[in-house]
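Next come the chains, spelled out residue by residue.
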Amino acid sequence: MKRKRDRIISGFSKLLKEEKLKLVAEYFENPGEVVSLLKSFWHSDEEKQKLFDEFSENTLTNFVIPYGVAPNVMINGQTYLVPMVIEESSVVAAASAASKFWSERGGFRSEVVDTKKVGQVHFSWSGRAAVLHGLMPELRQHLMSAVKHITANMEKRGGGVLDIELKDFTREIEHYFQLLVTFETKDSMGANFINSVLEEFAQALKVFMANRLELPDEQRQVEIIMSILSNYTPECLVRTWVECPLSQLDNVDETLSGEAFARKFEKAVRIAQVDVYRATTHNKGIYNGIDAVAIATGNDFRAIEAAGHAFASRDGQYRSLSRVEIEDGMFRFILEVPMAVGTVGGLTSLHPLAKYSLDMLGNPSARELMMIASAMGLANNWSAVRSLTTKGIQAGHMKMHLFNILNHFKATDEEKASAAEYFKDQKVSFAGVAQYLTSIRK
Ligand code: MEV
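Owing to the predicted nature of the structure, the values given are computational and were not obtained by experimental measurement.

What counts, and at which threshold
Residues numbered from 1 in each chain as written. Predicted model: local features only at pLDDT ≥ 70, side-chain atom pairs only at ≥ 80, totals over all residues. Heavy atoms only, no water. Pairing = 2+ DSSP bridges. Helix = DSSP H or I, 4+ residues; strand = E, 2+ residues; numbered from the N terminus. Axes fitted to C-alpha atoms, helices over the stretch in contact; angles between N-to-C directions. Parallel < 35°, antiparallel > 145°, perpendicular 65-115°, else oblique. Left-handed = near helix turned anticlockwise from the far one by under 90°. Contact = heavy atoms within 4.5 Å. Nonpolar A, V, L, I, M, F, W, Y, C, P; charged D, E, K, R; others polar. Polar contact = N/O pair within 3.5 Å; in protein donor to acceptor, adjacent residues only side chain to side chain. Phe/Tyr/Trp six-rings, centres within 6.5 Å; stacked < 30°, edge-to-face > 60°. Buried < 20%, exposed > 50% of the residue type's maximum accessible area, 1.4 Å probe, protein only. Near = heavy atom within 4 Å. Areas by Shrake-Rupley, 256 points an atom, 1.4 Å probe, with all protein chains shown as cover. Core = buried A, V, L, I, M, F, W, Y, C linked by side-chain atoms within 4.5 Å. Domains from an automatic or database assignment. Arc of directions from axis to C-beta. Lys, Arg positive; Asp, Glu negative; His and termini not counted. Salt bridge = Lys/Arg side-chain N within 4 Å of Asp/Glu carboxyl O.

(A) Expanded view of the sheet that holds strand S9 (residues 322-327). The strand order S3-S8-S10-S9 describes an open sheet built from 4 strands, whose pairing is antiparallel. Both edges of this open sheet fall to strand S3 (109-115) and S9, since each of them pairs with a single strand only. On average, adjacent strands in this sheet sit at an angle of 20° to one another, irrespective of strand direction. The pairing of S9 with strand S10 (residues 330-338) spans 6 bridges and is classified as antiparallel.

(B) Spotlight on the packing of helix H9 (residues 276-296) against helix H13 (residues 366-389). For the pair H9 and H13, the least separation of the axes is 7 Å and the interaxial angle reads 135°. With respect to H13, the element H9 is oriented oblique. For the element pair H9 and H13, the recorded crossing hand is right-handed. Across the interface between the two elements, Arg278, His282, Gly285, Ile286, Asn288, Gly289, Ile290 and Val293 of H9 pack against Leu369, Ala373, Ser374, Met376, Gly377, Asn380, Asn381, Val385 and Leu388 of H13. Split into classes, the residues belonging to the contact of H9 with H13 amount to 8 nonpolar, 8 polar and 1 charged.

(C) Geometry of the environment of Lys167. Within the element layout of this structure, Lys167 appears in strand S5 (residues 160-168). Between the C-alpha atom of Lys167 and that of Ala129, which follows or precedes it by 38 residues, the distance is 8.9 Å. The residues contacting Lys167, other than those within four sequence positions of it, are Phe177, Gln178 and Leu180. Of the polar contacts made by the side chain of Lys167, one reaches the side chain of Glu165; its length is 3.5 Å.

(D) Molecular detail of the packing of aromatic side chains. What the rule picks out here adds up to 21 aromatic pairs. Ring centres of Trp102 and Phe331 lie 6.3 Å apart, and the angle between their planes is 15°; this geometry places the pair in the stacked category. Here the residue Trp102 occupies a position in helix H4 (residues 91-103), and Phe331 occupies one in strand S10, the gap between them amounting to 229 residues. Taken together, a centroid distance of 4.9 Å and an interplanar angle of 90° make the contact between Tyr422 and Phe423 edge-to-face.

(E) How the structure looks around the pairing of strand S8 (residues 236-245). By the criterion of burial, S8 is predominantly enclosed, with 8 of the 10 residues buried. In this sheet, S8 lies alongside S3 in antiparallel orientation, the contact comprising 6 bridges. Paired with Glu111 across the strands is Arg239, a residue of S8. Pairing of S8 with S10 involves 9 bridges; the strand directions are antiparallel. When the sheet's bridge partners are listed, Val242 is paired in S10 with Phe333.

(F) Structural detail: the sheet that holds strand S7 (residues 223-230). The antiparallel open sheet is built from 4 strands, whose spatial order is S5-S6-S4-S7. One side of each edge strand has no neighbouring strand; the edge strands of this open sheet are S5 and S7. Each strand axis lies, on average, 15° off the axis of its neighbour in the sheet, ignoring direction. Here helix H5 (residues 129-146) sits on the sheet and contacts strand S4 (117-124), S5 and strand S6 (176-184); the angle it forms with S5, its principal contact strand, is near 165°.

(G) Just the side chain of Ser322, in detail. Within the secondary structure, Ser322 is located in strand S9. Only 2.6 Å separates the side chain of Ser322 from the side chain of Asn381, close enough to count as a polar contact. Not counting the four nearest positions on each side in its chain, Ser322 is found in contact with Val269, Gln273, His282, Ile286, Phe333, Ile334, Leu335 and Asn381.

(H) Representation of the site of the ligand. Contacts to the ligand come from Glu88, Arg278, Thr281, His282, Lys284, Gly285, Asn288, Ala384, Leu388 and Ile393. At 2.8 Å, a side-chain N or O of Arg278 approaches an oxygen atom of the ligand. Here the ligand has 300 Å² of accessible area as a free molecule, and 87% of this is covered by the chains. The set of elements that each furnish at least two residues to the shell around the ligand consists of H9 and H13. The element contributing the most residues to the shell around the ligand is H9, with 6 residues. Classifying every residue of the shell around the ligand by side-chain character gives 3 nonpolar, 4 polar and 3 charged.

(I) Representation of the nonpolar core within the structure. By size, the foremost hydrophobic cluster in this structure holds 63 residues, and its most contacted members are Leu249, Phe331, Met376 and Trp382. In terms of residue count, the dominant contributor to this core is H13 (11 residues). Excluding residues that lie within four positions of it along the chain, Met376 makes contacts with Ala70, Val73, Val82, Met84, Ala95, Ser99, Phe108, Gly289 and Val293. With 31 residues, the next largest nonpolar core counts Leu139, Val197, Phe201 and Leu229 among its residues.

(J) Seen up close, the domain arrangement of the protein. Examined at the domain level, the protein breaks down into domain 1 (1-64), domain 2 (68-114 + 237-392), domain 3 (117-230) and domain 4 (397-441). Look at where the C-alpha atoms of domain 1 and domain 4 centre, and you get two points 34 Å apart.

(K) Examining helix H15 (residues 413-422) more closely. Along H15, the residues that are buried comprise Glu415, Lys416 and Ala419. Mapping the buried residues of H15 onto a view down its axis gives an arc of 100°, with all of them on the same face. Away from the buried face of H15 by more than 90 degrees, exposed residues Asp413 and Glu414 are located.

(L) Representation of the side chain of Lys20. Mapping Lys20 onto the fold places it in helix H1 (residues 17-25). One buried charge, Lys20, has no salt-bridge partner; the nearest side chain with opposite charge is Glu57, at 6.4 Å. The residues contacting Lys20, other than those within four sequence positions of it, are Phe12, Ser13, Leu15, Asn58 and Leu60.

(M) Spotlight on the pattern of salt bridges. For the structure on display, the rule yields 26 salt bridges. Notably, a salt bridge pairs Arg319 with Asp315, separated by 2.8 Å at the nearest N-O pair. What makes Arg319 partly exposed here is its relative accessible area of 27%. Residue Asp315 is classed as exposed on the basis of its relative accessible area of 52%. Ionic pairing is found between Glu415 and Arg441, a salt bridge with its closest N-O pair at 2.8 Å. A residue pair is termed long-range when its members are at least 10 positions apart, and Glu415 in helix H15 and Arg441 in helix H16 (residues 430-441) qualify at 26 residues. The class of Arg441 is partly exposed, set by a relative accessible area of 41%.

Here's what the structure looks like:
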């Protein structure tokens, strides 16, 4: 019998994996089938499966997403094979087509603007801001020596705490101050390092203030609200662009000269700079490429996206992350995005495929990975806006989607081959594919 879904389950995490599976399956009409379906996605190598199980809590099985590769990605003269993990059918195709196109026009150019990361200790204190400001030079020294045991290794690698700034928010929230800390974390994403340092800072701040015997009692107390890194990293920034003479865009569309195409393309990008509805979709297309690389290399795509969307709103309006310049007969398409990524530590070294992805990229530094991921963002943005301003997006999308529709109708390999041939020069639609299958199945 199907279990009612309004039951509270206690102690679920303590059950064995098999018990969890069984319990979950009871919520379905066909528990036996559910258990075998979920088990069919278990890794055949028990060691590997155990590793995946331990990445998260309450793991039942694995959720498989295609792992593809974009070839011909030329960045600053070096060519990469870029691994991409994504479920959307057209993303790898878009990245590959754009990379090939631009590899014939000098490739992507990229530069890391800066690599600073940020964290905050949020606290309440009841004195005047000027007093705290006055204590800052001494407090800084005290805090830095309190974290020596955590920062020593990072400092050996050229990273560490760069600066500690006091921020006064008492106008917005009574007694609320913040230590805004900047970090350099070299090739690691650095989340654990940053959070450990911040929590240690918080304790050291309390001790420091408790020992300020010259202050009245209540001002010797600090209430720590929280200590956490910020995912807004406008100073961990990469700039990536492509450029060519307008004449080299002559064949992009048979009805438009290179210059006419470039002007139309530029207008489409400008629309995403002034209109939030378009900007959101435009930037989503950029993150199609960036996220796929982030996932393939074991990086935190939510952090990367959160920073990007906040950065896109930095002047108060959400805008396109990319822009076009047309000057002196040259077309230039530029993407500037914050990108906090790592190539050591975390999932990058634990997930066997993330490790392999980094190998495929030649074991890049974090700076190099910032350039690679942003190039795939720009590549996807180029392909999307190129299609949108010429033949429209659906032609390419639906061609890529054809196999999904065929799988939906459980088409055989033979039917798939015949449909692929038939739809080569036909418009693909769900209804059209259904009709075609009915006709050949008769
Ligand atoms: C689809 O995943 C992404 C696009 O909508 C992006 C865009 O409109 O620029 C095609």
